[in-house]
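Given next are the chains, with one letter for each unit.
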Amino acid sequence: QDSNLDDFAALSIDGSIDRFLGMMKEKIQSQRVAAKSGLKPACEVLNCRFNGGDCDSLLAGTEWHTSDRPVGNPLTGIRGDASLLPYNKEGSFAYIRGPRPHSRLQTAPFELDQDAFFIFAYHKIDPQSAFRVYAKRSGREKETLLFDAPSLAKQSSRRWFREGRVLPAGAYDYIVFEVHSLSANNYIGLDEILILNVDRQLMCT
């Protein structure tokens, strides 16, 4: 509650009260919809910056780790997080290290009460590897491919890239980040998982 009051005070100063109230209304509505379905609200699942253990449950029991400092060597490693592009030396991010023939990082089930833009950042240097993102709607048999990272030349990809895809409102079994054929001493990074509303405003406070 105190953090909400702090947010309100900060936004009041720059005249953004209406925006703040709108964000709080969306959050309450999302919680109500999720409570009816028995699923977690999307904001509890798709809101990960990998700072301070905020997404430890997503990584638990997987081959993925978090770091708040560069990992790997300057040619094939990751030099910082995605809070600033091309990278920020000071932030935290999730990563997986090769060799890794196959890995899937899967979210918990969630309910999205309105159409949204699903945003994430990725870091991939190894041109032999594949990084794909799928969504699985509840009640549907097949996953939907949201994103398939291109094979990039090493000299042009030592940085983070942001991607965004539309997620229709509804119940989801999961979103999964899939890695294939990651070479030895290469890394794939993941950061800044967020959702925006149709006005491209952050849905989660």
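Preceding this section is the structure that the text describes.
Residues numbered from 1 in each chain as written. Predicted model: local features only at pLDDT ≥ 70, side-chain atom pairs only at ≥ 80, totals over all residues. Heavy atoms only, no water.

A.B. asks: Is there a simple way to explain the sheet that holds strand β3 (residues 93–97) in this structure?
C.D. replies: Whether parallel or antiparallel, the strands of a sheet pair through hydrogen bonds between backbone atoms. Strand order in the open sheet formed by five strands is β2-β3-β11-β6-β9, and the pairing between neighbours is antiparallel. A single partner strand is all that each edge strand has here, and the edge strands are β2 (65–67) and β9 (161–167). For this sheet, the mean angle separating the axes of adjacent strands, direction not counted, is 35°. Sheet analysis places β3 next to strand β11 (residues 187–196), joined by four bridges and oriented antiparallel. Bridge assignment links Ile-96 to a residue of β11, and that residue is Ile-188. (Pairing = 2+ DSSP bridges. Helix = DSSP H or I, 4+ residues; strand = E, 2+ residues; numbered from the N terminus. Axes fitted to C-alpha atoms, helices over the stretch in contact; angles between N-to-C directions.)

A.B. asks: For this particular structure, what's the right way to read the side chain of Asn-197?
C.D. replies: Along the polypeptide, Asn-197 turns up in the segment after β11. A polar contact of 2.9 Å, which involves the side chain of Asn-197, links it to the backbone nitrogen of Asp-199. (Polar contact = N/O pair within 3.5 Å; in protein donor to acceptor, adjacent residues only side chain to side chain.)

A.B. asks: Got a minute to help me understand the state of the cysteines in this structure?
C.D. replies: Disulfides are covalent bonds that link the sulfur atoms of two cysteine residues. According to the stated counting rule, one finds two disulfides in the structure shown. Bridging Cys-43 to Cys-204, the disulfide has an S-S length of 2.1 Å. Residues Cys-43 and Cys-204 are joined through a disulfide that is left-handed, its torsion about the S-S bond being -90°. Here the residue Cys-43 occupies a position in helix α3 (residues 42–45), and Cys-204 occupies one in the segment after β11, the gap between them amounting to 161 residues. The pair Cys-43 / Cys-204 is uniform in exposure class, with both members buried. Counting its disulfide-bonded cysteines in sequence order, the chain shows a connectivity of 1-4, 2-3. (Disulfide = S-S within 2.5 Å. Buried < 20%, exposed > 50% of the residue type's maximum accessible area, 1.4 Å probe, protein only.)

A.B. asks: Would you explain the pairing of β3 in this entry?
C.D. replies: Taken residue by residue, a regular strand's side chains alternate between the two faces of the sheet. Extensive coverage of β3 is indicated by the burial of four of its five residues. In this sheet, β3 lies alongside β2 in antiparallel orientation, the contact comprising three bridges. Its bridge partner being in β3, Ser-67 is matched across the sheet by Phe-93.

A.B. asks: When you look at the nonpolar core in this model, what are you seeing that I'm missing?
C.D. replies: Nonpolar side chains in soluble globular proteins generally cluster together in the buried interior. Counting residues in each nonpolar core, the largest one holds 37 residues, and the members touching the most others are Phe-118, Phe-120, Phe-131, Phe-177, Leu-190, Ile-193 and Ile-195. If we skip the residues at most four places from it in the chain, Ile-193 touches Leu-46, Asn-47, Cys-48, Phe-50, Leu-58, Phe-118, Ile-119, Phe-120 and Phe-177. (Core = buried A, V, L, I, M, F, W, Y, C linked by side-chain atoms within 4.5 Å. Contact = heavy atoms within 4.5 Å.)

A.B. asks: How should I be thinking about unusual backbone geometry in this particular structure?
C.D. replies: Glycine aside, residues mostly have negative phi angles, and peptide bonds mostly take the trans form. A cis amide bond links Leu-85 to the next residue, Pro-86, at an omega of 10°. Its location among the elements puts Pro-86 in the loop between β2 and β3. With a phi angle near 60°, Phe-50 is a residue other than glycine that sits in the positive phi range. A relative accessible area of 4% means that Phe-50 is categorised as buried. In this structure, Asn-185 is a non-glycine residue whose phi angle is positive, near 65°. For Asn-185, the position within the fold is in the loop between β10 (170–182) and β11. The exposure class of Asn-185 is partly exposed, given its relative accessible area of 41%.

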